[in-house]
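Chain by chain, the residues run as shown.
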Amino acid sequence: MSNINGKVYAMNVVTPMKPWKTWFLRLIFFLLGAIKSKQQDLINLSFIEFARWVIVPRKSFPRPDERMDAEELRYDYLLFFSNFNGTWNQYIDAFSAVLFQGLNLIWMWSEKFPGSVPVTPFKEYISRVQFDTDYYYTAYPHATANDLKAAHIVQASFDQLDATTATCTPREFEAAYLKFMLQVQSHLGETGEPPVVF
Amino acid sequence: MSKLNVTDIQGFTLRGYNLPFARYLFLHFAEDPKHTRALLHELLGRITTGQCWDNGKPSSTLNIALSHRGLAALKLPAATLLTFPVEFQEGMKARSEILGDTGINAPKNWDEMWHSGHVHAWVAINGQTPADIDACHAELTDLIEKTGGARELGHQDAAAIVVDGGASTIEHFGYTDGFGNPDYVGVDRKSQPGHGKLAKDGKSWEPLATGELLLGYADEAGELPVAPMPHLLASNGTFMVYRKLKQNVAAFRAYIDHEAKFYTGGKAKLEAKFIGRWKDGTPLELSPNYENQAIVKDPDQSTNFTYSGDPEGTRCPMGAHLRRVNPRDSFGFKGGLVNRRRITRRGLPYGRYVPDGQPVSDTEDRGIVFMVLNASISRQFEFVQQQWIEYGNDNHLGNDKDPLLGNHGGHGKFAIQGDATAANPPMICSKLPNFVELKGGEYFFLPSITALGMLAMDLVDPR
């Protein structure tokens, strides 16, 4: 049981919210969803593969069996799920350093949220509300999101080179190959073992 | 904020002395801590502080730092010893896997002195002349003998490389070194654009929070760095990383000569691409095609650049040493992701300098004594070493390592981005060997004068 598989870390965070506060968060999610530019900072953190927040209302918890009584829950819950490359510390450090405003908007409705700055109380909070991953599959444990994106660029560029140079002269090939090199030159990192987690 | 109490801070923390000679001594403390305390007591008045030198530079300086084993040998309360950060408690040797200090760089290949694990203290003497160093060393030896507080395990000499009869700032590979250490709030030093962190406008520069260097002050996250208790023991102190880096100059020159045959930009440019500066110090980012002393000599230019205009690395490669270890705004967010990863560097070359063109052998030991000062070894030095030197994902470089410092083991790769001109072609350097090897080192705590007094007088109460 580990949250880590190769270069990827899976984080699950569940926090309780008083139901009247959930409405504010719904409004914020609506606005963030509508204004795409507001998502840009999160997207620009290139080591994040995926990040999503979901409200789980207290009345929509599943019942394994109809014969069981519905639970009477006092709180709605906010589920945060993210896959990222790098260490837990690195991830939360980056969140706290450059996304603190957005994070505060989303998590301030959760009980006992201390704010995302300064980072130490924020880390303590996350470590208390984080649920460890039971099983975690990743297709490319030796690659990061950057590596995968780079591989697509290299493959597409190579296919293009292949398709356009079948019948060309050596001089034409030289020009096409230089063009190919310029397309792929900043996407050639090796894949491999991740650094030791600390 | 008001000025720092510089008389309480060791001078080594606040400034590079710019003295051409140095000797780093390594001590093992006495069995009975009483004798060691007596030694520290004797040293107390001799330690060079951060006080301004009104009458010019002294002939020599003296500074001291202690390893966690050294603090334990002083019989500090266990409750206090446990409050030090984990990485410092473990020491550098135990962190070798994290740091990528494996293979040829593994502790078993370090200099003999480091094998025992008995280094308790580092004592640095910087001086104007070798005679000044010897005099200070003799004085120290007398104090050691008088008090019986320690024994010397060994020492490392270092000196600025002499060029045209004068001390220079070049290192053994021939690059001009020592440009930009970070500025910190309250630390009085000659400042220039590019030395601190990027301001919100993404163009101008401002000093980093004091707590990125010194314990007891707010850091860039707006909180006090993790520090030992009681706080008087920590305040005005810092953590120091000592690394002896052997430079394989013959291997480097042979590699460059070989690769330059295939690089139409010319050998000098190829050398510049490895580091991000031309050998004379001109930043590639500001002058991609030739050396320019007007830039090097102008403090408003020599460190004043960003990478946002060069996202593909066609001027300064994404993997160049300079761009890796101080990425500035490379990751966007106006540098917001790098401000808590900055380190202050100190150091001098050691060993005989062999100018370019003269026969050189790597069986002869030469290199650089490299020291880092930072409030958090794990957050700052270890992060830079692991993520930016021995790995490359933040720079979209996968597992590629720093071309110059990386522990390549003969399998390294360095992609030099270029454009469609013959003067700046793309190039892949492969089968990189280790140009630099680690020969030893340790993590030390560089205490304030107050803290040194507390240690000398056995006044550290458990908290």
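Residues numbered from 1 in each chain as written. Chains lettered and ligands numbered in written order. Predicted model: local features only at pLDDT ≥ 70, side-chain atom pairs only at ≥ 80, totals over all residues.

**Topic: the overall build of chain A**
Reasoning step 1: Along its length, chain A carries seven helices and five strands.
Reasoning step 2: Moving toward the C terminus, one meets the helices and strands of chain A in the order β-β-α-α-β-β-α-α-α-β-α-α.
Reasoning step 3: Its C-alpha atoms give chain A a radius of gyration of 22 Å, clearly above 16 Å, the size a compact globule of 198 residues would have.
Reasoning step 4: With the C-alpha coordinates aligned to their principal axes, the bounding extent of chain A is approximately 75 × 40 × 35 Å. (Helix = DSSP H or I, 4+ residues; strand = E, 2+ residues; numbered from the N terminus. Rg over C-alpha atoms; globule rule 2.2 N^0.38 Å.)

**Section: the overall build of chain B**
Reasoning step 1: Secondary structure assignment for chain B yields 14 helices and 14 strands.
Reasoning step 2: Its C-alpha radius of gyration of 22 Å places chain B within 12% of the 23 Å reference for a compact globule of 463 residues.
Reasoning step 3: Overall, the C-alpha framework of chain B stretches about 70 × 50 × 45 Å when taken along its three principal axes.
Reasoning step 4: A buried classification covers 54% of the 463 residues belonging to chain B.
Reasoning step 5: Considering only intrachain contacts with a sequence separation of at least 6, the fraction spanning at least 24 residues in chain B is 71%. (Buried ≥ 20, exposed ≤ 12 C-beta atoms within 10 Å, placed from the backbone. Contact = placed C-beta atoms within 7 Å.)

**As for the interface of chain B and chain A**
Reasoning step 1: Listed per partner, the contact involves 33 residues of chain B and 30 residues of chain A.
Reasoning step 2: Looking at side-chain class alone, the side of chain B that touches chain A contains ten nonpolar, 14 polar and nine charged residues. (Nonpolar A, V, L, I, M, F, W, Y, C, P; charged D, E, K, R; others polar.)

**A look at the nonpolar core**
Reasoning step 1: Core analysis: the biggest nonpolar cluster contains 105 residues, and B:Ala65, B:Ala121, B:Trp122, B:Met240 and B:Phe444 have the highest contact counts within it.
Reasoning step 2: No other element matches the seven residues that strand β1 (residues 21-29) of chain B contributes to this core.
Reasoning step 3: Looking at which domains feed residues into this core, each of domain 1 (6-243 + 442-456) and domain 2 (247-342 + 361-370 + 378-440) of chain B supplies at least three.
Reasoning step 4: Dropping the residues within four chain positions of it, B:Ala65 is found in contact with B:Ala121, B:Trp122, B:Met240, B:Phe444, B:Phe445 and B:Leu446.
Reasoning step 5: Listed in part, the 28 residues of the second largest apolar core include A:Ala10, A:Leu25, A:Phe47 and B:Ala221. (Core = buried A, V, L, I, M, F, W, Y, C linked by C-beta atoms within 7 Å. Domains from an automatic or database assignment.)

**Concerning the confidence of the model for chain B**
Reasoning step 1: Across chain B, the average pLDDT comes to 96, with 100% of residues at or above 70.
Reasoning step 2: Prediction confidence for the complex, expressed as pTM and ipTM, is 0.96 and 0.93 respectively. (pLDDT = per-residue confidence, 0-100.)

**Describing the environment of B:Trp205**
Residue and element names in this part refer to chain B.
Reasoning step 1: Its location among the elements puts Trp205 in strand β8 (residues 205-206).
Reasoning step 2: Trp205 gets classed as buried once you count the C-beta atoms within 10 Å, which come to 21.
Reasoning step 3: Residues Trp205 and Gly194, eleven residues apart in the sequence, show an inter-C-alpha distance of 6.0 Å.
Reasoning step 4: If we ignore the near neighbours within four places in the chain, the residues touching Trp205 are Pro193, Gly194, His195, Gly196, Lys197, Leu198 and Ala199.

**Digging into helix α4 (residues 100-107) of chain A**
Residues and elements named next belong to chain A.
Reasoning step 1: All of the buried residues in α4 are Leu103, Ile106 and Trp107. Mapping the buried residues of α4 onto a view down its axis gives an arc of 85°, with all of them on the same face.
Reasoning step 2: Buried residues belonging to α4 abut β2 (8-17), α1 (19-34), β3 (48-56) and α3 (88-98). (Arc of directions from axis to C-beta.)

**Some words on unusual backbone geometry**
Reasoning step 1: Backbone torsion omega between A:Val117 and A:Pro118 reads -5°, so that peptide bond is classified as cis.
Reasoning step 2: Along the chain, A:Pro118 falls in the loop between α4 and α5 (119-129).
Reasoning step 3: With an omega dihedral of 0°, the bond running from B:Met229 to B:Pro230 counts as a cis peptide bond.
Reasoning step 4: Among the secondary structure elements, B:Pro230 is positioned in the loop between β8 and α8 (231-234).
Reasoning step 5: Positive phi, close to 50°, is recorded for B:Lys334, a residue that is not glycine.

**Focus on helix α10 (residues 267-275) of chain B**
All names here are of chain B.
Reasoning step 1: Counting buried residues along α10, seven of its nine residues qualify, which places the element largely inside the surrounding structure.
Reasoning step 2: Every buried residue of α10 is accounted for by Lys269, Leu270, Glu271, Ala272, Lys273, Phe274 and Ile275.
Reasoning step 3: At the exit of α10 stands Gly276, carrying a positive phi of roughly 100°.

**A look at the domain arrangement of chain B**
All names here are of chain B.
Reasoning step 1: Structurally, chain B comprises domain 1 (6-243 + 442-456) and domain 2 (247-342 + 361-370 + 378-440).
Reasoning step 2: Counting residues at the interface gives 41 residues for domain 1 and 39 residues for domain 2.
Reasoning step 3: Of all the secondary structure elements, the ones that give two or more residues to the side of domain 1 that touches domain 2 are α6 (96-99), β4 (150-159), β7 (197-198) and β9 (238-247).
Reasoning step 4: Among the residues making up the side of domain 1 that touches domain 2, the classes are represented as 18 nonpolar, 13 polar and ten charged.

**What to know about the packing of helix α2 (residues 33-44) of chain B against helix α14 (residues 449-456) of chain B**
All names here are of chain B.
Reasoning step 1: Running from N to C, α2 and α14 point in directions that differ by 145°, and their axes come no closer than 8 Å. Handedness of the crossing formed by α2 with α14: left-handed. Residues Arg37, Leu40, His41 and Leu44 of α2 form the contact with α14, whose own contacting residues are Leu452, Gly453, Leu455 and Ala456.
Reasoning step 2: Classifying every residue of the contact of α2 with α14 by side-chain character gives five nonpolar, two polar and one charged. (Axes fitted to C-alpha atoms, helices over the stretch in contact; angles between N-to-C directions. Left-handed = near helix turned anticlockwise from the far one by under 90°.)

**So, the packing of helix α9 (residues 249-260) of chain B against α10(B)**
Residue and element names in this part refer to chain B.
Reasoning step 1: It is the contact of α9 with α10, at a shortest axis distance of 9 Å, that shows an interaxial angle of 120°. Here α9 is positioned oblique relative to α10, judged by the angle of their axes. Both α9 and α10 take part in a crossing whose hand is right-handed. For the pair α9 and α10, contact is made by Ile256, Glu259 and Ala260 and by Lys267, Leu270 and Glu271, respectively.
Reasoning step 2: Of the residues contributing to the contact of α9 with α10, the split by class is three nonpolar, no polar and three charged. (Parallel < 35°, antiparallel > 145°, perpendicular 65-115°, else oblique.)

**Re the pairing of strand β2 (residues 60-66) of chain B**
Residue and element names in this part refer to chain B.
Reasoning step 1: In terms of burial, β2 is largely enclosed, as seven of its seven residues are buried.
Reasoning step 2: For β2 and strand β3 (residues 121-127), the ladder comprises seven bridges, and the chain directions are antiparallel. For Ser60, the partnering residue across the bridge sits in β3 and is Gly127. (Pairing = 2+ DSSP bridges.)

**As for the environment of B:Thr238**
All names here are of chain B.
Reasoning step 1: Of note, Thr238 is situated in strand β9.
Reasoning step 2: Between the C-alpha atom of Thr238 and that of Ala375, which follows or precedes it by 137 residues, the distance is 5.4 Å.
Reasoning step 3: Excluding residues that lie within four positions of it along the chain, Thr238 makes contacts with Thr13, Leu213, Leu214, Leu215, Leu373, Asn374, Ala375 and Leu446.

**Considerations on the environment of B:Gly266**
Reasoning step 1: Mapping B:Gly266 onto the fold places it in the loop between α9 and α10.
Reasoning step 2: For the pair B:Gly266 and B:Ala422, spaced 156 residues apart in sequence, the C-alpha separation works out to 9.8 Å.

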